[in-house]
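Residue-level listing of the chains:
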Amino acid sequence: MAGTADGASRASAGSVAKLEWIIAELLPADIATDVMTRRGTEVKQLWESLTATPLYEELTLWVMAAWPDEMVERVDTMVRTAIASADRVRQGQWTTERLIGVVRKAGQRRERREVHQHLGREVRIVSFDDALMELAEVVPAPGAHAAALGYAIVADLRGALGEHRYMVTPAAAALLERSCDIAVDHLDSVRARTVSAERPEGLSGLELFTAARPTRRANKSNRITEMFRDLPHPTGVSLSHLLLGTDHHPEAALLWRHASGMSPAEVPAEIVTDWRAELVALTPAILAFSDRRRRRLRDRSRRGDNLRHFFEHALDGELAREDASVAI
C-alpha cells in the first residue's frame, strides 16, 4: 500500500491520479462544502491558513499543469473550488472527473456582467456559472451547457418533458430564456435584503427560492412577480412556479434543479405534471383563450394527454417549423 501511495504522489502533474492522491493524502477532514459561499472573518482566516498548506501548494501546481494556458488570476479561484468540492469525491458523491469539470468551469467565470434595463431597473446578465456559484451553494456538474443559463434551462425542461416537449413553444422558450437572468438577479436582491445578525449572508438554497415566490407568506417586495409586471398575471405566476418552484413542490424549481446538477431524465413524475400545467400560460396564442378553456387545457395537460395537434393548430404550424429547425 505504501508503494502505491508513493507512486501516486509521483504521478504526472495535472493527471487524474495526482488529483486523487492530493485528495486522499492532503485534504483535511473538516472542510465544509459551503466554504466558497460563506463570508466573514472566520472563513477569511480559514482561507489564509489553507494557502500556507501543502494542499494549496500541490493543488496550485496541479491546476497550472492541467490548464497551462489558464490566466494566472483565475488559478486561485480554481484551487479554492477544488478544495471546497474535493470532499464530495472523498465521500463518493462525485467522481474525480466531475470535480475536474467543476474546477475547469471555475476558471471560465466572467468577472464582469452585462447590464440591461427591465421595467426601468438594471438587471445583470449572468452566466451559467455565475448563477450557480452565487445562489445555489452547489457547484455545477461538468458537461453543463456552455451557452446562456436560459438556453440551458429550456434544454433541461424539454428533456424532462419527453414526448410533451412540444409544450415548450418558441414563445415559451424565448420567455423562459430571458426571464432566467431576471430571476437570478432578483434572487440575489432578496438574499441581500435578508441579511441579519442571525443570517449574516442572508437566505440561501431553497429557503431563498421560497422567499421569492409569489405566496401570501412572502414579503410583497420579495415576490418575483413584481419583476414580471409587464406580463399577463397568469404568465408571471407560471414563470415564477417554473423557475422557483411551488410551496407544494419546492424542488420543482428549474433554476435550483439545474444549479444542483440534477439530470432532466430523472425528474419525478409529479413535478413534470406541474410543469406541463404551467406551460399553458407561457404561449400568447393559448393565453388568449377563455379562462374556462385554459383550465380545461391545464387539466388535460396534467393528465398527460397528447395535445400536440391542439398546440400545432393554435400556433398555425409554428411547432412544425421549430422541429425542423432543431433537426437541422
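These numbers come from a predicted model, not from an experiment.

Asker: Help me understand the overall build of the protein in this model?
Answerer: The secondary structure content of the protein amounts to 17 helices and 2 strands. Relative to all contacts within the protein whose residues are 6 or more apart in sequence, the contacts with residues 24 or more apart total 61%. Roughly 16400 Å² of accessible area belongs to the protein as shown, and the carbon and sulfur atoms make up 51% of that amount.

Asker: It is not clear to me how the environment of E58 should be interpreted in this structure. Could you clarify?
Answerer: Among the secondary structure elements, E58 is positioned in helix 4 (residues 54–66). Those residues in contact with E58, other than ones at most four positions away along the chain, are K18, W21, I22 and L26.

Asker: Looking at this structure, how should I read the packing of helix 11 (residues 233–244) against helix 13 (residues 269–279)?
Answerer: To characterise two packed helices, one gives the angle between the axes of the helices and the distance between these axes. Interhelical geometry of helix 11 versus helix 13 gives an angle of 155° and a closest axis separation of 9 Å. The orientation of helix 11 relative to helix 13 falls into the category roughly antiparallel. The two elements helix 11 and helix 13 meet at a crossing, and its hand is left-handed. Of helix 13, the residues touching helix 11 (which contributes S238, H241 and L242) are W275, E278 and L279. Tallied by class, residues from the contact of helix 11 with helix 13 come to 3 nonpolar, 2 polar and 1 charged.

Asker: Help me out: how do you make sense of helix 5 (residues 72–90) in this one?
Answerer: Side chains three or four residues apart in an α-helix point the same way, a direct result of the helix having 3.6 residues per turn. Taking 1.5 Å per residue, 19 residues should reach 27 Å; helix 5 reaches 27 Å between its end C-alpha atoms and fits that length. Remark: the principal bend of helix 5, roughly 35°, maps to A84. One or two positions beyond helix 5, positive phi appears at G92, with a value near 85°.

Asker: Just checking my understanding: could you explain a positive patch on the surface for this structure?
Answerer: Side chains of R292, R293, R295 and R296 sit close together on the surface and give a patch of like positive charge. Its place among the elements puts R292 in helix 15 (residues 291–303). On the accessibility criterion, R292 (62% relative accessible area) is exposed.

Asker: Hey, could you run me through the packing of helix 8 (residues 149–161) against helix 13 in this one?
Answerer: In the contact formed by helix 8 and helix 13, the axes pass within 10 Å of each other and the chain directions differ by 115°. The element helix 8 and its partner helix 13 pack so that their crossing is left-handed. Taking contact as the criterion, the partners of L157, A160 and L161 in helix 8 are, on helix 13, V272, W275, R276 and L279. Taken together, the residues of the contact of helix 8 with helix 13 sort by class into 6 nonpolar, no polar and 1 charged.

Asker: Explain the packing of aromatic side chains here, please?
Answerer: In this description, an aromatic ring pair is defined by two values, namely the gap between the centres and the angle between the planes. A complete count under the given rule lists 4 aromatic pairs for this structure. For the pair F289 and F310, a centre-to-centre distance of 5.7 Å together with 80° between the ring planes defines the contact as edge-to-face. Taken together, the residues span a long stretch of sequence, with F289 in the loop between helix 14 (284–287) and helix 15 and F310 in helix 16 (residues 308–314) at a distance of 21 residues. Since its relative accessible area comes to 15%, F289 is described here as buried. F310 gets classed as partly exposed once you look at its relative accessible area, which sits at 22%.

Asker: Is there a simple way to think about the confidence of the model for the protein in this case?
Answerer: Caution applies to low-pLDDT parts of the model: their predicted coordinates are not meant to be read in detail. Summary statistics for the protein give a mean pLDDT of 78 and a share of 78% for residues scoring 70 or more. Here residues 110–114 is a poorly scored stretch, pLDDT under 50, and it has 13 contacts once near neighbours within four places are set aside; other chains count.

Rules used in this analysis
- Here the residue numbers are simple positions, counted from 1 along each chain's written sequence.
- With the structure being a predicted model, the display of local features is reserved for residues of pLDDT at least 70 and the display and counting of side-chain atom pairs for 80 or more, all residues being used for whole-chain, interface and lining totals.
- Calculation of side-chain values draws on the structure's entire complement of heavy atoms; hydrogens and water are dropped beforehand.
- Helix and strand assignments follow DSSP, with helices taken as H or I runs no shorter than four residues and strands as E runs no shorter than two, numbered in order from the N terminus.
- By definition, residues are in contact when any of their heavy atoms lie within 4.5 Å.
- Accessible surface area values rest on a Shrake-Rupley calculation with a 1.4 Å probe, where residue burial reflects the displayed protein chains alone.
- Here an axis means a line fitted to C-alpha atoms, over the contact stretch when the element is a helix, while the angle between two N-to-C directions is reported on a 0 to 180 degree scale.
- Between 65 and 115 degrees an angle is taken as roughly perpendicular, under 35 as roughly parallel, over 145 as roughly antiparallel, and anywhere else as oblique.
- Definitions for this section: a left-handed crossing has its near helix turned counterclockwise from the far helix by less than a right angle. A right-handed crossing has that turn clockwise.
- When residue character is reported, Ala, Val, Leu, Ile, Met, Phe, Trp, Tyr, Cys and Pro are called nonpolar, Asp, Glu, Lys and Arg charged, and the others, Gly included, polar.
- Expected helix span is given by 1.5 Å per residue-to-residue step, counting one fewer step than there are residues.
- In this scheme, the bend at a residue equals the angle between the axes fitted to the seven residues that finish there and the seven that begin there.
- Residues enter patches when their relative accessible area tops 30% and they take part in no salt bridge; the joining distance is 9 Å for like charges and 5 Å for the nonpolar side chains Val, Leu, Ile, Met, Phe, Trp and Tyr.
- Any Lys or Arg side-chain nitrogen located within 4 Å of an Asp or Glu carboxyl oxygen qualifies as a salt bridge.
- When charges are tallied, Lys and Arg are placed among the positive residues and Asp and Glu among the negative ones, while His and the ends of the chain are skipped.
- We put the charge of a Lys on NZ, of an Arg on CZ, of an Asp on CG and of a Glu on CD.
- Under the scheme applied here, a residue whose accessible area is under 20% of the maximum for its type counts as buried, over 50% as exposed, and between as partly exposed, the area being computed with a 1.4 Å probe on protein chains only.
- Between rings of Phe, Tyr and Trp, where Trp is taken as its six-membered ring, a pair exists when centres lie within 6.5 Å; planes separated by under 30 degrees are stacked, by over 60 edge-to-face, and by other angles tilted.
- Each residue gets a pLDDT score, which is the predictor's confidence in that residue and runs from 0 to 100.

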